[in-house]
Amino acid sequence: IGVLGMFTATIAGVFVEERLRKERGMGAYDLKGHIILCEWNERTKEILKDLRADVRGENAPIVLIADIEVKPAVDENLYFVRGQLTEEQLRRAGIEKAATVVIVGDRSLEYGARDAKVVLSVLTVESLNPDAYSIVELASEDNVRHCERANADEIIVGSEFSSRLISTATLDHGISTVLRELLSAQFGHDLITVPVPADLARLTFFEVFSGLKRDYGMIALALQRRGAGTLLTNPDADIVVDADDRLVVVSPRGRADTLL
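Residues numbered from 1 in each chain as written. Predicted model: local features only at pLDDT ≥ 70, side-chain atom pairs only at ≥ 80, totals over all residues. Heavy atoms only, no water.

Caption draft 1: A look at the overall build of the protein chain. For the protein chain, the helix and strand inventory stands at eight helices and twelve strands. In terms of its C-alpha atoms, the protein chain occupies a principal-axis envelope of roughly 80 × 50 × 35 Å. Across the 260 residues in the protein chain, those meeting the buried criterion constitute 39%. Partitioning the contacts of the protein chain with sequence separation of at least 6, the portion at a separation of at least 24 is 60%. If you sum the accessible surface of the protein chain, you get close to 14,800 Å²; carbon and sulfur atoms cover 56% of it. Of the charged side chains in the protein chain, 30 are positive and 41 negative; the average position of the first set lies 3 Å away from that of the second. (Helix = DSSP H or I, 4+ residues; strand = E, 2+ residues; numbered from the N terminus. Buried < 20%, exposed > 50% of the residue type's maximum accessible area, 1.4 Å probe, protein only. Contact = heavy atoms within 4.5 Å. Areas by Shrake-Rupley, 256 points an atom, 1.4 Å probe, with all protein chains shown as cover. Lys, Arg positive; Asp, Glu negative; His and termini not counted. Charge placed at Lys NZ, Arg CZ, Asp CG, Glu CD.)

Caption draft 2: Expanded view of the packing of aromatic side chains. Here the structure, examined in full by the defined rule, presents two aromatic pairs. Between the aromatic rings of Tyr29 and Tyr79, the centroid separation amounts to 5.1 Å while the plane-to-plane angle is 50 degrees, which identifies the pairing as tilted. Placement of Tyr29 in the loop between helix 1 (2-23) and strand 1 (35-38) and of Tyr79 in strand 3 (residues 78-82) is noted, with a sequence separation of 50 residues between them. Residue Tyr29 is classed as buried on the basis of its relative accessible area of 9%. What makes Tyr79 partly exposed here is its relative accessible area of 22%. Measuring from ring centre to ring centre gives 6.3 Å for Phe205 and Phe209, while their planes differ by 50 degrees; the resulting arrangement is tilted. Here the residue Phe205 and the residue Phe209 both occupy positions in helix 8 (residues 205-216), the gap between them amounting to four residues, near one helical turn. Judged by relative accessible area, Phe205 falls into the buried class, the value being 5%. (Phe/Tyr/Trp six-rings, centres within 6.5 Å; stacked < 30°, edge-to-face > 60°.)

Caption draft 3: Layout of helix 4 (residues 111-128). The end-to-end C-alpha separation of helix 4 is 26 Å, in line with the 26 Å expected for 18 residues at 1.5 Å each. Taken residue by residue, helix 4 has Arg114, Asp115, Lys117, Val118, Val119, Ser121, Val122, Thr124, Val125, Glu126 and Leu128 as its buried positions. The inward-facing, buried residues of helix 4 abut helix 3 (87-92), strand 4 (100-103), strand 5 (133-138) and helix 5 (144-149). (Expected span 1.5 Å × (residues − 1).)

Caption draft 4: Fine view of the pairing of strand 7 (residues 190-195). Alternating positions in strand 7 separate cleanly, Asp190, Ile192 and Val194 being buried on one face and Leu191, Thr193 and Pro195 remaining unburied on the opposite face. Direction of pairing for strand 7 relative to strand 12 (residues 246-251): antiparallel, over a ladder of six bridges. Paired with Ile192 across the bridge in strand 12 is Val249. (Pairing = 2+ DSSP bridges.)

Structure (structure tokens):
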């Protein structure tokens, strides 16, 4: 009985120690097609919350790289790597097989230093996995060209977005409420991309628009050629939509999974 008790305690101790190592961000992960989220602050907290509210991201594996003490959220599919955003930490997060990398600015730095760190991080990500889709947040529009040279796939300037939203709401009251609803997966309608339904392929955009609203309750706003090419906002009514295109739509909450 004593030997069995010691054996059980040893095995339990190993599992507990491994669990604690991962909670403290000391582990490495062999994942595929996952999301890497860089930095931890109020912005990334909201990003994680929105991802989990969307049916497509509620169980998606996400690796957080942040220089904090312990894993900040109770989430079985959230993995934690402790440290600054360096090549070593990215490799521990499985950058070679990651699908998307989200780089949020370090709020502890001034704007210039914050954007410089983001640009350096993009360069590191692109050198390790050029196939990963990189989304970056900048503080200043002046640094967009630097991120473009670093091959960032999508660049979001927080101050620019906020300023344009405020100026638009000043002239068209209520716009901010509509956009807030569309951009959040936590309530209301969602702004998402979906594949072209098989029964609507090779039809004109006007026919696709009508069919989506009639059959799925969705409103098509834009067309993305071949799923990753040119994005056409409010395309001509007679343009033909191919089967391998994607559509940017306003979708009722919970209806997106009918096409995904």
